[in-house]
Amino acid sequence: MTATAAGWLQALALVGALALCYRPLGDYIAELLTTAKHLRVERGLYRVVGVDGDADQRWPVYLRSVLAFSALSILFLYGLIRLQTHLLLSLGVPQMAAHQAWNTAVSFTTNTNWQSYSGESAMGHLVQMAGLAVQNFVSAAVGIAVVAALIRGFTRNRTERVGNFWVDLTRIVLRLLLPLSIVFALVLVANGVVQNFHGFHELTTLGGGTQSIPGGPVASQEVIKELGTNGGGFFNANSAHPFENPTGLTNWLEIFLLLVISFALPRTFGKMVGDNRQGYAIVAVMGLFWVASAVLITFFEHQHAGTALQAAGGAMEGKEQRFGIAGSALFAASTTLTSTGAVNSFHDSFTSFGGGLTIFNMMLGEIAPGGTGSGLYGMLILAIVAVFVAGLMVGRTPEYLGKKLGGREMKFASLYILTTPAIVLIGAGTAMALPGERAGMLNSGPHGFSEVLYAFTSAANNNGSAFAGITVNSAWYDTAFGLAMALGRFLPMVFVLALAGSLAQQQPVPASAGTLPTHKPLFVGLLSGVVLIVVGLTYFPALALGPIAEGLH
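Okay, so let's go over this structure. This one's a predicted model, so the numbers in the text were calculated from it and none came from an experiment.

Parameters and conventions
- Residues numbered from 1 in each chain as written.
- Predicted model: local features only at pLDDT ≥ 70, side-chain atom pairs only at ≥ 80, totals over all residues.
- Heavy atoms only, no water.
- Helix = DSSP H or I, 4+ residues; strand = E, 2+ residues; numbered from the N terminus.
- Rg over C-alpha atoms; globule rule 2.2 N^0.38 Å.
- Buried < 20%, exposed > 50% of the residue type's maximum accessible area, 1.4 Å probe, protein only.
- Contact = heavy atoms within 4.5 Å.
- Areas by Shrake-Rupley, 256 points an atom, 1.4 Å probe, with all protein chains shown as cover.
- Lys, Arg positive; Asp, Glu negative; His and termini not counted.
- Charge placed at Lys NZ, Arg CZ, Asp CG, Glu CD.
- 1 Å grid on protein atoms, 1.4 Å probe; cavity = no way out; pocket = protein on both sides within 12 Å on 5 of 7 lines; lining within 4 Å.
- Points joined across faces, edges and corners; volume = space filled by probe spheres on them.
- Nonpolar A, V, L, I, M, F, W, Y, C, P; charged D, E, K, R; others polar.
- Pairing = 2+ DSSP bridges.
- Axes fitted to C-alpha atoms, helices over the stretch in contact; angles between N-to-C directions.
- Parallel < 35°, antiparallel > 145°, perpendicular 65-115°, else oblique.
- Phe/Tyr/Trp six-rings, centres within 6.5 Å; stacked < 30°, edge-to-face > 60°.
- Salt bridge = Lys/Arg side-chain N within 4 Å of Asp/Glu carboxyl O.

1. Quick look at the overall build of the chain
No. 1: Each helix and strand in the chain was counted, giving 19 helices and four strands.
No. 2: A compact globule built from 553 residues should have a C-alpha radius of gyration of about 24 Å, and the chain, at 23 Å, falls within 12% of that.
No. 3: The principal-axis extent of the C-alpha atoms belonging to the chain is close to 75 × 55 × 50 Å.
No. 4: The buried share among the 553 residues of the chain stands at 58%.
No. 5: Of the contacts made within the chain by residues no fewer than 6 positions apart, 78% connect residues no fewer than 24 positions apart.
No. 6: Here the chain displays about 21000 Å² of accessible surface, and carbon together with sulfur accounts for 67% of that area.
No. 7: Seen as two clouds, the 28 positive and the 26 negative side-chain charges of the chain have centres 15 Å apart.

What follows is the structure, given as structure tokens:
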């Protein structure tokens, strides 16, 4: 079988597996978010933290709960990292600098998992398990909880109450993320992913030298790293490391895991609003962008001018032979269209347009299908904008799912859309204006600018992958990226929850002959156009200075 045929088969198998999971997983998530029944262990946890599991919160209280929980998570993880040299299973790793510990704590709490360190040489097993892996679970759950609150804004009337954050968080972790992680961690172990408590082993290489090879609880962190669209690798090489991702089968499985929940959430949306067709429309837009990105990146990586690339059959620099171009491109498209940020290849070595597409994917707002929860609420914000644009064209007050979209709602949607681009462009522009930070670029010219643009795009969109080729472990970059990650995560959540509260206060409006049907192909096309236009108008000048200029040159 040719490499091209194998690539098509794994892509088709992935689409089939995601389609099979769409309905049962989406319905299950909707059930756990709407049922009034609490498990015994959940009731015990509520008593411990003093939460009334049957009391809903107004949207400001829900927001304060999200922010307070996240702030405490940052403080706890920061302290754990700084104190790890005094803890068990530290493996003798040196103490992490304060600015890097701050960056790492914010990174994992915001579901970004940006790493300015080498995982195997900077983190002991206890911090990996009790710190990083725990945040992989709860940060993913926070994203799903926020989109659940937004959906309740559409389904509830004349109230500001959008659910209970502590109940949502507990149920998502205990009923969704933890069971799936246990099952798939066993599958990964069975296929060769490492799971032990070994330290470093000194081995003699074939050339007579020595090599230090670490072990660790890798599979248990690898599974939630993908399932929760987190992305932080146990090893510096991330999912290119054979201990994390040893075979083509585990590579396919990891791509499946980082997509499955985000692609199932539109079904949850349709189920909760009482119209599954709404979910089909949203997932259709997500699927169109995902397929287009995967095809285009694969195409550009097969463009092989030059003797070495022609001999390899494509741009194989920075890619693992066991995955090839198809497996690397599919992973790259999926990890940058979600907020995962895990990598199985070196994006800095991609062709100009192939690498440019990975940046463009993140600039879309990671909504195809996006991060766990964050992808869906990002797409719903864009759906609101699309409905508003359609209303302007026909001269009537826009409405979406029976809720009118007035000035208040559109202000929240507009602020959401403007927040991340402002962080990205201000951050990248500031870095390029400072000679000391500009000196951290490995390359000059358009490619060097692309490295900086990629880094800030990744941080602000809570992706966490890196274009590499840039030295970011400095006090300035650690601080700047930490701020970008925090603002890029929590400011949009403020606007989403405020929008949820505004929608929940309204009385539903019955559909009329002039109501735009938001479940038909016309709306799918309109929403796709809005996504492209919003991103194009915002980011095109920056892209023109980076990957486009390099590709045309």
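2. Regarding empty space enclosed by the protein
No. 1: If you walk through the whole model with that rule in mind, you get three cavities of 30 Å³ or more.
No. 2: In this structure, the largest cavity occupies an estimated 400 Å³ of space.
No. 3: Lining of the largest cavity is provided by 27 residues; of these, L364, G365, Y416, T420 and N461 occupy positions nearest its centre.
No. 4: Broken down by secondary-structure element, the contributors of at least two residues to the lining of the largest cavity are α14 (374–394), α15 (407–433), α18 (475–504) and α19 (521–552).
No. 5: Split by residue class, the lining of the largest cavity holds 15 nonpolar, 10 polar and two charged.

3. Remarks on the pairing of strand β1 (residues 200–204)
No. 1: For β1 and strand β2 (residues 210–214), the ladder comprises five bridges, and the chain directions are antiparallel. When the bridges of β2 are listed, T204 appears paired with T210.
No. 2: Two successive antiparallel strands, β1 and β2, enclose a turn made up of five residues, where G208 displays a positive phi of approximately 90°.

4. Remarks on the packing of helix α3 (residues 59–82) against helix α7 (residues 165–190)
No. 1: The interhelical angle for the contact between α3 and α7, taken along N-to-C directions, is 55°, at an axis separation of 9 Å. One way to sum up the angle between α3 and α7 is to call them oblique. Touching Y62, S65, V66 and F69 of α3 are F165, W166, D168 and L169, all from α7.
No. 2: Considering only residue class, the contact of α3 with α7 consists of six nonpolar, one polar and one charged.

5. Quick look at the packing of aromatic side chains
No. 1: This model, assessed by the stated rule, comprises 22 aromatic pairs.
No. 2: Each ring, one from F154 and one from Y400, has its centre 5.5 Å from the other, and the planes form 85°; the classification is edge-to-face. Highlighted residues: F154 in helix α6 (residues 125–155) and Y400 in strand β3 (residues 399–400), separated in sequence by 246 residues.
No. 3: Arranged with centres 6.3 Å apart and planes meeting at 55°, the rings of F184 and F256 form a pair that is tilted. Note that F184 is positioned in helix α7 and F256 in helix α9 (residues 248–273), a separation of 72 residues in sequence.

6. Side note on the side chain of Q128
No. 1: Of note, Q128 is situated in helix α6.
No. 2: Its relative accessible area of 0% is what places Q128 among the buried residues.
No. 3: Look past the residues within four positions of Q128 in its chain and what remains in contact with it is G119, M123, A133, Q221 and F234.

7. Let's talk about the pattern of salt bridges
No. 1: Applying the stated criterion to the full structure yields 13 salt bridges.
No. 2: In this structure, E399 and K404 form a salt bridge, with 4.0 Å as the shortest nitrogen-oxygen distance.
No. 3: Its relative accessible area of 7% is what places E399 among the buried residues.
No. 4: Accessibility expressed as a relative area gives 35% for K404, which makes it partly exposed.
No. 5: One salt-bridge network, in which partners are shared between bridges, spans E222, K225, E226 and E244.

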